[in-house]
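# Per-entry structural report
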Number of protein chains: 2
Amino acid sequence: MALASENLTKNQKTVLDILENSSEPLKAYTILFDIQKKGIKSPLQVYRALDKLIEIGKVHKIESRNSYVACKHEGCNAKTSTSFLICENCDSVTELTGNNLISYFSKQAEKNNFNYKKHNLEIFGLCKNCKLKN
Amino acid sequence: MALASENLTKNQKTVLDILENSSEPLKAYTILFDIQKKGIKSPLQVYRALDKLIEIGKVHKIESRNSYVACKHEGCNAKTSTSFLICENCDSVTELTGNNLISYFSKQAEKNNFNYKKHNLEIFGLCKNCKLKN
DNA sequence: CTTAAAATGTTATATTATAACATTACATTA
DNA sequence: TAATGTAATGTTATAATATAACATTTTAAG
């Protein structure tokens, strides 16, 4: 069995490629605009590619910004849950990894008699670079 | 000095009222539809009231669902940061409180040389009631 | 090869949110 | 009380984000 990322279709590869070469999250219509020369003409083509890429864990959505970011981690297990550090100054995004967050959230949920399934976490602030500048 | 909630205008009170009497988060256009008989005719009137209510901490936005929920905590300090338990079955929402989350996130951010300012946390799963039923 | 599932292409439309601008309410204080 | 400044309002239009519906094509597995 091949890696999911090897089975990508043309549209999916095109969308993933532009996200992987971006230093910040991109919006769907920004992606659309940037790749119209590659034969993608409608929003739906972008959204469908994004849906698939999210499903296999190669892309994550930043909910509070309606934007999308490529995952840099091989075999990222964040197909459902995501945790980000988002710089308010430069918009760069770093993904938090490791399962300690999940066990922590499970415990927090348990206290409320709530059965944890998955989560979205978005932490806003200043990244390393922007801390220095300001 | 009066409480911020005592200074609410008519539109703001109308929007807050419908949110406080809802058992689940509501979408902006749902609110609009439900209160047209009270003289609110345009989306902008709803969004402006929501903006103000969010600013003073009486309402929070559930980013992943584009919906809005009234805060049940007196003097809620979550004017910027929010933490929710969201039931995937019944859509009910419980807000996590306490500063332990903030200190935990600050530490996680620190590890990445990131300066924590605020956060959004959305935990999905099954609430107490829905756990029993399923 | 056949076939079923997935992906595509295309048009239209739904949903969520803001821009722009003229007007009104209201608290402060001169 | 009149002047003044800030916030809120009302209204129309439009921007930004996302999905429905359906016919067609590609792909992978048997």
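Higher on the page you've got the structure.
Summarised in this report is the structure supplied together with it. Computed from a predicted structure; not experimentally measured.

Of the regular secondary structure elements, chain A holds 5 helices and 5 strands. Ordering the α and β elements of chain A from the N terminus gives α-α-α-β-β-β-β-α-β-α. Taken along the three principal axes of its C-alpha coordinates, chain A extends 50 × 45 × 25 Å. When burial is assessed residue by residue, chain A has 44% of its 134 residues classed as buried.

Another aspect to go through is helix α4 (residues 100–111) of chain A. With 12 residues, α4 of chain A should reach 16 Å at 1.5 Å per residue; the first-to-last C-alpha distance of 17 Å fits that figure. Here α4 of chain A has its buried residues at Leu 101, Tyr 104, Phe 105, Gln 108 and Ala 109 of chain A. Projected down its long axis, α4 of chain A shows its buried positions confined to an angular sector of 135°, all on one face. Away from its buried face by more than 90 degrees, α4 of chain A exposes Lys 107 and Glu 110 of chain A. For α4 of chain A, the elements touching its buried residues are β3 (82–87) and β5 (115–126) of chain A together with β3 (82–87), α4 (100–111) and β5 (115–126) of chain B. At the exit of α4 of chain A stands Asn 113 of chain A, carrying a positive phi of roughly 60°.

Take the protein's contact with DNA strand C next. Close contacts around DNA strand C come from 17 residues, with Thr 9, Gln 45 and Arg 48 of chain A together with Lys 27 and Lys 61 of chain B the closest. Backbone sugar and phosphate groups make up 42% of those atoms of DNA strand C lying within 4 Å of the protein. Between Gln 45 of chain A and DNA strand C, the recorded distance is 2.5 Å, taken from a side-chain N or O atom to a phosphate oxygen. Within the side chain of Lys 27 of chain B, an N or O atom sits 2.5 Å from a phosphate oxygen of DNA strand C. Mapped by element, the contributors of at least two residues to the surface near DNA strand C are α1 (10–20) and α3 (43–55) of chain A together with α3 (43–55) of chain B. Looking at which element gives the most residues to the surface near DNA strand C, the answer is α3 of chain A, with 4 residues. When its residues are assigned to classes, the surface near DNA strand C shows 5 nonpolar, 6 polar and 6 charged.

Let us now look at the protein's contact with DNA strand D. Neighbouring DNA strand D are 17 residues; Lys 27 and Leu 44 of chain A together with Thr 9, Gln 45 and Arg 48 of chain B lie closest to it. Near the protein, within 4 Å, the atoms of DNA strand D are sugar or phosphate in 42% of cases. In this structure, a base nitrogen belonging to DNA strand D sits 2.8 Å away from a side-chain N or O atom of Tyr 29 of chain A. The contact in question runs from a base nitrogen of DNA strand D to an N or O atom on the side chain of Arg 48 of chain B, over 2.4 Å. Among the elements of the structure, α3 of chain A together with α1 (10–20) and α3 of chain B are those that each provide at least two residues to the surface near DNA strand D.

Here the focus is the relation of the copies chain A and chain B. Turning chain A through 180° and shifting it by 0.0 Å along the axis lays it on chain B, with an RMSD of 0.0 Å. A rotation of that kind, with that shift, is consistent with a two-fold axis. In terms of proximity to the rotation axis, the leading residue of chain A is Leu 121 of chain A, whose C-alpha is 2.2 Å off the axis.

On to the interface of chain A and chain B. Listed by partner, the interface residues are 33 residues for chain A and 33 residues for chain B. The contact between chain A and chain B buries some 3100 Å² in all, and 59% of this surface belongs to carbon and sulfur atoms. Our count for the chain A to chain B interface comes out at 2 salt bridges. Taking the shortest distance from any N to any O, the salt bridge between Lys 118 of chain A and Glu 88 of chain B comes out at 3.9 Å. Taken together, chain A and chain B are joined by 12 residue pairs in polar contact (both at pLDDT 80 or more). A per-element tally of the side of chain A that touches chain B places β5 of chain A first, with 12 residues. Each residue belonging to the side of chain A that touches chain B can be placed in one class, and the counts come to 15 nonpolar, 10 polar and 8 charged. Pairing between β5 of chain A and β5 of chain B: 11 bridges, direction antiparallel. If you follow Gly 125 of chain A over to β5 of chain B, its bridge partner there is Tyr 116 of chain B.

As enumerated under the stated definition, the model contains 6 aromatic pairs over all chains in all. With 6.3 Å between their ring centres and 65° between their planes, Tyr 29 of chain A and Tyr 47 of chain A make a pair best called edge-to-face. Linking Tyr 29 of chain A in helix α2 (residues 28–34) with Tyr 47 of chain A in helix α3, this pair joins segments that are 18 residues apart in sequence. The exposure class assigned to Tyr 29 of chain A is exposed, which follows from its relative accessible area of 52%. Given the relative accessible area of 31%, Tyr 47 of chain A is considered partly exposed. With a centroid separation of 6.1 Å and an interplanar angle of 55°, the aromatic rings of Tyr 104 of chain B and Phe 105 of chain B are classed as tilted. Judged by its relative accessible area of 16%, Tyr 104 of chain B is buried. An aromatic cluster is built from Tyr 104 and Phe 105 of chain A together with Tyr 104 and Phe 105 of chain B, whose rings are joined through pairwise contacts. Here Lys 118 of chain A stacks its cationic end above the ring of Phe 124 of chain B, 5.7 Å away from the centre of that ring.

Conventions and cut-offs
Residues numbered from 1 in each chain as written. Chains lettered and ligands numbered in written order. Predicted model: local features only at pLDDT ≥ 70, side-chain atom pairs only at ≥ 80, totals over all residues. Heavy atoms only, no water. Helix = DSSP H or I, 4+ residues; strand = E, 2+ residues; numbered from the N terminus. Buried < 20%, exposed > 50% of the residue type's maximum accessible area, 1.4 Å probe, protein only. Expected span 1.5 Å × (residues − 1). Arc of directions from axis to C-beta. Contact = heavy atoms within 4.5 Å. Near = heavy atom within 4 Å. Polar contact = N/O pair within 3.5 Å; in protein donor to acceptor, adjacent residues only side chain to side chain. Nonpolar A, V, L, I, M, F, W, Y, C, P; charged D, E, K, R; others polar. Least-squares fit on C-alpha atoms with pLDDT ≥ 70 in both. Buried area = accessible area lost by both parts, 1.4 Å probe. Salt bridge = Lys/Arg side-chain N within 4 Å of Asp/Glu carboxyl O. Pairing = 2+ DSSP bridges. Phe/Tyr/Trp six-rings, centres within 6.5 Å; stacked < 30°, edge-to-face > 60°. Lys NZ or Arg CZ within 6 Å of the ring centre and 35° of its normal.

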